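Fold and geometry: a report
Spelled out, the chains give:
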Amino acid sequence: MKSSPLESHFLLLVKGSGLPAPVREYRFAPPRRIRFDFCWKDRMTAAECEGGVWTHGAHTRGKHFIQDCTKYNLAALLGWKVFRFTEWHLKKDAANTIRIIKEALNG
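The notes below deal with the structure included here. This structure is a prediction, so every number in the text was calculated from the model and none was measured. (Residues numbered from 1 in each chain as written. Predicted model: local features only at pLDDT ≥ 70, side-chain atom pairs only at ≥ 80, totals over all residues. Heavy atoms only, no water.)

Section: the side chain of Glu50
- Considering the arrangement of structural elements, one finds Glu50 in strand E3 (residues 45-50).
- Judged by relative accessible area, Glu50 falls into the buried class, the value being 10%.
- Here the side chain of Glu50 touches Tyr72 through a polar contact of 2.4 Å, side chain to side chain.
- With sequence-adjacent residues up to four places away left out, Glu50 is seen in contact with Leu6, Asp68, Tyr72, Arg84, Phe85, Thr86 and Glu87. (Helix = DSSP H or I, 4+ residues; strand = E, 2+ residues; numbered from the N terminus. Buried < 20%, exposed > 50% of the residue type's maximum accessible area, 1.4 Å probe, protein only. Polar contact = N/O pair within 3.5 Å; in protein donor to acceptor, adjacent residues only side chain to side chain. Contact = heavy atoms within 4.5 Å.)

The structure is reproduced here in structure tokens:
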């Protein structure tokens, strides 16, 4: 699956921070086809890049918003920590974003 510009930016931040490389597009609840954008399976920690916040992208409207809520609720039931980051988090608050991921991965 092709990366969005936001996902590519996230990967650059992670690589530059010294964090371990995440798994991309991980299906966390087979046989369902739902996936995390990025995860660290061994730590049950996931990161989702939330685009289209100000442009009314698909995932901020109706059907996709409901599907995302279902996804995040299922992930929580299965014990996953899921962190959601917008473009603002990745570009204007990058240091804090990386801090959050580091803390999550280190317990």
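Remarks on helix H1 (residues 5-17)
- With 13 residues, H1 extends 19 Å from end C-alpha to end C-alpha; this agrees with the ideal 18 Å at 1.5 Å per step.
- Among all positions of H1, only Leu6, Glu7, Phe10, Leu11, Leu13, Val14 and Ser17 are buried. With its buried residues spanning 160° around the axis, H1 presents them on a single face. Those residues of H1 that are exposed and angled more than 90 degrees off the buried face are Pro5, Leu12, Lys15 and Gly16.
- Elements in contact with the buried residues of H1: strand E1 (23-27), strand E2 (35-40), E3, strand E4 (81-86), helix H3 (87-91) and helix H4 (94-105). (Expected span 1.5 Å × (residues − 1). Arc of directions from axis to C-beta.)

Some thoughts on the packing of aromatic side chains
- Scanning the model with the defined rule gives 6 aromatic pairs in all.
- Centroid distance Phe28 to Phe36: 4.0 Å. Interplanar angle 10°. Geometry classified as stacked.
- Classification of Phe28 as buried rests on a relative accessible area of 7%.
- A relative accessible area of 0% places Phe36 in the buried class. (Phe/Tyr/Trp six-rings, centres within 6.5 Å; stacked < 30°, edge-to-face > 60°.)

Structural notes on the sheet that holds E1
- Strand order in the open sheet made by the 4 strands is E1-E2-E3-E4, with mixed pairing throughout. Each having just a single partner strand, E1 and E4 make up the two edges of the open sheet. Taking the axes of each pair of neighbouring strands and ignoring which way they run, one obtains an average angle of 40° across the sheet.
- Here H4 sits on the sheet in contact with E2, E3 and E4, set at roughly 175° to E4. (Pairing = 2+ DSSP bridges. Axes fitted to C-alpha atoms, helices over the stretch in contact; angles between N-to-C directions.)

What about the pairing of E2?
- In terms of burial, E2 is largely enclosed, as 5 of its 6 residues are buried.
- Across 4 bridges, E1 lies against E2 in antiparallel orientation. Within E2, the residue paired with Val23 across the bridge is Cys39.
- Where E2 meets E3, 3 bridges bridge the pair, whose relative direction is antiparallel.

Digging into the packing of H1 against H4
- Relative orientation of the contacting elements H1 and H4 amounts to 70°, with a least axis distance of 11 Å. It follows that H1 is roughly perpendicular to H4 by the angle criterion. Seen from above, H1 lies across H4 with right-handed handedness. From H1, Phe10, Leu13, Val14 and Ser17 reach across to H4, where they touch Ala94, Ile98, Ile101 and Lys102.
- Within the contact of H1 with H4, the residues separate by chemical class into 6 nonpolar, 1 polar and 1 charged. (Parallel < 35°, antiparallel > 145°, perpendicular 65-115°, else oblique. Left-handed = near helix turned anticlockwise from the far one by under 90°. Nonpolar A, V, L, I, M, F, W, Y, C, P; charged D, E, K, R; others polar.)

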